Amino acid sequence: MASPAAEPVRNLVVVLGDQLDAGAAAFDRFDRERDAVLMMELAEEASYVPQHKQRLVLFFSAMRHFRAALRKRRRRVHYVTLDDADNRGSFREEVVRWVERTRAARLIVTEPGEHRVREALRAAAGQCGVPLDIRTDRHFYTDTAQFEDYARGRRELLLENFYRAMRRRHDVLMKGGKPLGGRWNFDAENRSAFGKAGPGEVRAPRRFRPDRTTRDVMAMVEREFADSPGSTRGFGLPVTRAHAQSLLADFVEHRLPRFGDHQDAMAAGEPFLYHSLLSTSLNLHLLDPRAAVQAAVEAGEAGAAPPNAVEGFVRQVLGWREYVRGVYWSKMPDYAALNALDAQLPMPAFMWSGETDMRCVSESVGQLVAHAYTHHIQRLMVLGLLAMLLGVNPYEVHRWHLSLYADAIDWVSLPNVLGMSQYGDGGIVGTKPYCASGNYINRMSDYCAGCRFDPGKSTGDDACPFTTLYWDFLRRHRKRFAGNPRMGFQVRNLERKSRTELASIRKAADELRDSLTAETYL
Ligand code: FAD
Ligand code: DLZ
Ligand code: SF4
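The rules behind these values
- Residues numbered from 1 in each chain as written.
- Chains lettered and ligands numbered in written order.
- Predicted model: local features only at pLDDT ≥ 70, side-chain atom pairs only at ≥ 80, totals over all residues.
- Heavy atoms only, no water.
- Core = buried A, V, L, I, M, F, W, Y, C linked by side-chain atoms within 4.5 Å.
- Buried < 20%, exposed > 50% of the residue type's maximum accessible area, 1.4 Å probe, protein only.
- Helix = DSSP H or I, 4+ residues; strand = E, 2+ residues; numbered from the N terminus.
- Contact = heavy atoms within 4.5 Å.
- Expected span 1.5 Å × (residues − 1).
- Near = heavy atom within 4 Å.
- Polar contact = N/O pair within 3.5 Å; in protein donor to acceptor, adjacent residues only side chain to side chain.
- Areas by Shrake-Rupley, 256 points an atom, 1.4 Å probe, with all protein chains shown as cover.
- Nonpolar A, V, L, I, M, F, W, Y, C, P; charged D, E, K, R; others polar.
- Phe/Tyr/Trp six-rings, centres within 6.5 Å; stacked < 30°, edge-to-face > 60°.
- Lys, Arg positive; Asp, Glu negative; His and termini not counted.
- Salt bridge = Lys/Arg side-chain N within 4 Å of Asp/Glu carboxyl O.
- Pairing = 2+ DSSP bridges.
- Axes fitted to C-alpha atoms, helices over the stretch in contact; angles between N-to-C directions.
- Parallel < 35°, antiparallel > 145°, perpendicular 65-115°, else oblique.
- Left-handed = near helix turned anticlockwise from the far one by under 90°.

Enquirer: Would you mind going over the nonpolar core with me for this structure?
Expert: It is characteristic of soluble globular proteins that their nonpolar side chains tend to be buried jointly. Of all hydrophobic cores here, the largest spans 153 residues; its most connected members are Met 39, Phe 60, Leu 256, Tyr 323, Val 361, Trp 400 and Phe 466. If you tally residues by element for this core, the top one is helix H12 (residues 307–331), at 12 residues. Residues within four places of Phe 466 in sequence aside, it is in contact with Met 358, Cys 360, Val 361, Val 382, Leu 385, Leu 386, Leu 389, Ala 436, Ser 437, Gly 438 and Ile 441. Ranked by size, the runner-up nonpolar core spans 23 residues in total, among them Val 9, Leu 16, Val 80 and Val 117.

This is the structure:
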């Protein structure tokens, strides 16, 4: 601890909970004698939305492990625990306290992952009258200025174009200036369902037994956040770089080979299937995306994984992940307020508890509460889809997502939730809304077989709420989508329905909206 008599600190390097990389730009030219690191466990970050207990354990435990790694490198670390009596609880107030305490001449931070946090740090620096040096986040392939350059002058920010540019620029899956295997994209080969036989036995992803540090954090979270969603029980996510490397190896060996075929498939009782579970490690910067991409590419070269798996995985990490970050920083802060479909309903209570007859929803929310995780297609085509069809406010959906998913950070959650899944941005991230009826879920999963509703029906006692709401969604937004060439097929199908049928669907949808949103959690 610095005492008032100690020498003033030259640079105080602020490390946020999702910046756990000793090679980050904030550490460039770090001088052990004159500089210090500041890390803070903050009540505000843990409660500005209620947060899943496993998410809290992940952040606090990974932060404490990183503190140990820094100290091992003999870097001076001021680490404020959540229960420290002097902890003022917010970025702004804690940074001010520590600048005063260490008499630091300058603050340094790697670009935060959230606009709100960047502004809080700026406010703190302004309040103390010290310069704030915000350094490029080298974790990402693309820095924010490069994305701005890329986006400038383009009418549309299509993922596919950006992805191809990334493949070229970083020479990933390229041969002689052309895409390896002659194709940029194996998307059409990423959509196999499991059929009646189901997925068979699926090997569970590697979990990491909580060590003493993690167990202390688990006890703290159970004590301090007793009312938060979920339980710390079963926590097994990576909290160190070594864990993250080990999970990557486990994925490449056991799940990557089938990742491509079944990327979009869902199965009851199978929360992880062939997904990597690497999002928390990537987002906390325990794992470099280049290492993940490289490992997949090498598996492809060795013949251990087929092209649709390798390309599918590379597209997610080198394509989507970089793209949504670029969109976030080029559109914030206005992006958060977009609500193109004027959706205003609250999030239903069953989206927190899973207590509903809709089997696809109860299964997905059940997994979410158990693991602070669901895979992509459950996010997009079950939970996100239902919220959009109902007309839940897109920022509320984002807040719910931040609450329950361990991997949610603003830069990645907001464009995915508000943009991709809710079409709140009116077509920046996706050129059309991801809207579908229960028939899609039936095709891609075994949920409907055990559900009391019938995915083919839009009215009647056993009508599937997704199907009812789907037709009503098209009806409500028909004018907007009629001119969208990618929606032509869906709009034409709507137009085939008789006025009487549409009137019954509308009545059923109105009743559903009332009943499903009658109870809310917050
Ligand atoms: P895998 O299926 O194994 O994919 C590999 C990796 O690719 C992921 O770890 C992730 O880093 C990256 N990736 C895949 N798709 C995306 C994408 N659309 N955007 C950014 N990265 C992607 N991802 C988050 O990391 N945090 C979020 O808060 C988040 N919110 C989402 C909300 C919605 C509504 C949707 C549709 C997607 C969201 N995603 C988010 C993207 C994706 O669903 C998750 O990254 C993925 O499910 C995490 O599980 P995994 O690591 O097993 O991923
Ligand atoms: C999500 C989170 C939580 C729960 N707690 C902390 C914390 O105590 N200290 C911290 O530095 N970061 C935390 N985070 C991450 C932040 O909310 C935010 O997402 C990042 O700082 C953005 O870069
Ligand atoms: Fe979900 Fe409808 Fe299928 Fe039931 S019938 S599982 S509600 S899609």
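Enquirer: Looking at this model, I keep getting lost on helix H4 (residues 115–128). Mind explaining?
Expert: Side chains of residues three or four places apart in an α-helix project in the same direction, reflecting 3.6 residues per turn. An ideal rise of 1.5 Å per residue puts 20 Å on 14 residues; H4 measures up with 20 Å between its terminal C-alpha atoms. Contacts made by the buried residues of H4 are with helix H1 (43–47), helix H3 (91–102), strand E4 (106–110), strand E5 (132–135) and H12. Immediately downstream of H4, the backbone of Gly 129 shows phi near 70 degrees, a positive value.

Enquirer: When you look at the site of ligand 1 in this model, what are you seeing that I'm missing?
Expert: Within the structure, ligand 1 sits among 28 residues, and His 275, Ser 276, Leu 277, Asn 283 and Tyr 373 are positioned closest to it. His 275 is positioned with one of its side-chain polar atoms (N or O) 2.7 Å from an oxygen atom of ligand 1. Contact between ligand 1 and Asp 407: a nitrogen atom at 3.1 Å from a main-chain N or O atom of the residue. Isolated, ligand 1 exposes 800 Å² of accessible area, and the fraction of that covered by the protein chains is 99%. Those elements giving two or more residues to the shell around ligand 1 turn out to be helix H10 (279–283), H12, helix H15 (376–390) and helix H17 (410–421). For the shell around ligand 1, a count of residues per class yields 14 nonpolar, 11 polar and 3 charged.

Enquirer: Could you clarify how one ought to interpret the packing of aromatic side chains in this entry?
Expert: Geometry of an aromatic ring pair is reported as the spacing of the ring centres plus the angle between the planes. As enumerated under the stated definition, the model contains 18 aromatic pairs in all. Note on Phe 251 and Phe 259: the rings are 5.8 Å apart at their centroids and 90 degrees apart in plane angle, and the pair reads as edge-to-face. One exposure class covers both Phe 251 and Phe 259, and it is buried. For the pair Tyr 470 and Trp 471, a centre-to-centre distance of 4.9 Å together with 65 degrees between the ring planes defines the contact as edge-to-face. Among the residues examined, Tyr 470 registers a relative accessible area of 7% and is labelled buried. By relative accessible area, Trp 471 is classed as buried at 14%. Taken together, Phe 147, Tyr 150, Phe 162, Trp 320 and Tyr 323 form an aromatic cluster joined through their ring pairs.

Enquirer: Which parts of the structure should I look at to understand the environment of Asn 190?
Expert: Among the secondary structure elements, Asn 190 is positioned in the loop between strand E7 (178–179) and helix H7 (212–224). Each C-alpha atom, one on Asn 190 and one on Arg 476, is 31 Å from the other, the two residues being 286 residues apart in sequence. Those residues in contact with Asn 190 that sit more than four places away from it in its chain are Gly 260, Asp 261, His 262, Gln 263, Asp 264, Asn 308, Gly 312 and Arg 315.

Enquirer: Help me understand the side chain of Asp 425 in this model?
Expert: Along the chain, Asp 425 turns up in the loop between H17 and helix H18 (438–444). As a buried residue without a salt bridge, Asp 425 has its nearest oppositely charged side chain in Lys 331, at a separation of 8.6 Å. Separated by 3.2 Å, the side chain of Asp 425 and the backbone nitrogen of Ile 428 make a polar contact.

Enquirer: Help me understand unusual backbone geometry, please; the structure alone is not making it clear to me.
Expert: Leave glycine aside and you will find that most residues have negative phi; peptide bonds, for their part, are mostly trans. Following Met 332, the chain continues to Pro 333 via a peptide bond in cis, the omega torsion being 5 degrees. Here Pro 333 lies in the loop between H12 and helix H13 (350–353). One non-glycine residue, Arg 103, lies in the positive phi region at around 55 degrees. Here Arg 103 is to be found in the loop between H3 and E4. By relative accessible area, which is 40% here, Arg 103 ends up partly exposed.

Enquirer: Sorry if this is basic, but what is going on with the site of ligand 2 here?
Expert: In the vicinity of ligand 2, 18 residues are found, and the nearest of them are Asp 18, Met 40, Leu 42, Glu 45 and Gly 113. Here an oxygen atom of ligand 2 and a side-chain polar atom of Asp 18 are 2.8 Å apart. Top contributing element to the shell around ligand 2 by residue count: helix H2 (residues 53–72), with 5 residues. Its residues placed into classes, the shell around ligand 2 shows 10 nonpolar, 3 polar and 5 charged.

Enquirer: Help me understand the sheet that holds strand E1 (residues 11–14), please; the structure alone is not making it clear to me.
Expert: Strands in a sheet are paired, the pairing made by backbone hydrogen bonds, and the direction either parallel or antiparallel. The strand order across the open sheet formed by 5 strands is E3-E2-E1-E4-E5, and the pairing between neighbours is parallel. The open sheet is flanked by strand E3 (77–80) and E5, the only strands paired with a single partner. Strand-to-strand twist of the sheet, defined as the mean angle between neighbouring strand axes without regard to direction, takes the value 25 degrees. Both E1 and E4 contribute to a ladder of 4 bridges, which runs parallel. In the sheet register, Asn 11 faces E4, and the bridge partner there is Arg 106.

Enquirer: Hey, could you run me through the packing of helix H19 (residues 465–476) against helix H22 (residues 499–516) in this one?
Expert: Packed helices, taken two at a time, are described by the angle their axes make and the gap between the axes. At a minimum axis separation of 9 Å, H19 and H22 run at an interaxial angle of 110 degrees. Between H19 and H22, the interaxial angle falls into the category roughly perpendicular. For the crossing formed where H19 meets H22, the hand is left-handed. Residues Pro 465, Thr 468, Leu 469, Trp 471, Asp 472, Arg 475 and Arg 476 of H19 form the contact with H22, whose own contacting residues are Ile 505, Arg 506, Ala 508, Ala 509, Leu 512 and Arg 513. Of the residues belonging to the contact of H19 with H22, the class tally is 7 nonpolar, 1 polar and 5 charged.

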